[in-house]
Amino acid sequence: NEYMKKFRLFLVAVIALMATACGYGIEDVAQDVRADIESQLEAEFGEDVYVGEIVLVHVGGNEYEGIVDISVGGETEVCDVDVLFDGSSYKWELY
């Protein structure tokens, strides 16, 4: 029936829209982790800190690895960062 076809198409479109609109992507996590790292380093070192963009790669499960440029007191270093993300919260560690 034509009505059911249109209804199914509408339902699929709504579900697809909800799935993309509600998702908290890894780019969002990377931005939050970047801001958190910057905040913690500023509190620790008490001077100007700049944390560049974090690029994360999915390793498996809820684990991600990446790199980030960090400048403290005018000296820049490239650091590795590990991130655990369970879908709603994250934990990070710099190396």
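Before reading further, recall that the structure is shown in the block above.
One can find S39 in helix 2 (residues 26–45). Assessed through its relative accessible area of 42%, S39 is described here as partly exposed. Sequence separation between S39 and V51 is twelve residues, and the spatial gap between their C-alpha atoms is 9.4 Å.

A few words now on the nonpolar core. Grouped together as the largest cluster of nonpolar side chains are 17 residues, with contacts concentrated most on I37, V51, I54, L56, I70 and V83. Every element with two or more residues in this core is listed here: helix 2, strand 1 (49–51), strand 3 (63–72) and strand 4 (75–85). Here the element with the most residues in this core is helix 2; it accounts for five residues.

Moving on, we come to the pattern of salt bridges. Counted according to the given criterion, the structure contains one salt bridge. Note that R34 is salt-bridged to E38, the shortest N-O span being 3.3 Å. Note that R34 and E38 are positioned in helix 2 at a spacing of four residues, about one turn of the helix. Accessibility expressed as a relative area gives 25% for R34, which makes it partly exposed.

The subject of this paragraph is the side chain of E38. A relative accessible area of 17% means that E38 is categorised as buried. Every residue in contact with E38, bar those within four places of it in the chain, is listed here: V49, Y50 and V51.

Of note, V68 is situated in strand 3. Here V68 falls in the buried class, since its relative accessible area comes to 2%. With sequence-adjacent residues up to four places away left out, V68 is seen in contact with V51, G52, E53, I54, E77, V78, C79 and L94.

Criteria and thresholds
- Each residue is numbered by its place in its chain's sequence as written, counting from 1.
- With pLDDT at 70 or above as the cut-off, local features in this predicted model cover only qualifying residues; side-chain atom pairs require 80 or more to be listed or tallied, and sums for whole chains, interfaces and linings still use all residues.
- The basis for the side-chain values is all heavy atoms of the structure; hydrogens and waters are excluded.
- Think of it this way: any DSSP run of H or I at least four residues long counts as a helix, any run of E at least two long counts as a strand, and we number them from the N terminus.
- Note on classification: 1.4 Å probe, protein chains only; a residue is buried when its accessible area is under 20% of the maximum for its type, exposed when over 50%, partly exposed between these limits.
- Put simply, a nonpolar core is a bunch of buried Ala, Val, Leu, Ile, Met, Phe, Trp, Tyr and Cys residues held in one set by side-chain atoms that sit within 4.5 Å of each other.
- Definition used for salt bridges: Asp or Glu carboxyl oxygen within 4 Å of a side-chain nitrogen of Lys or Arg.
- The contact definition used throughout considers only heavy atoms, calling two residues in contact when any of these lie within 4.5 Å.

Nothing here speaks to function; it is all geometry.
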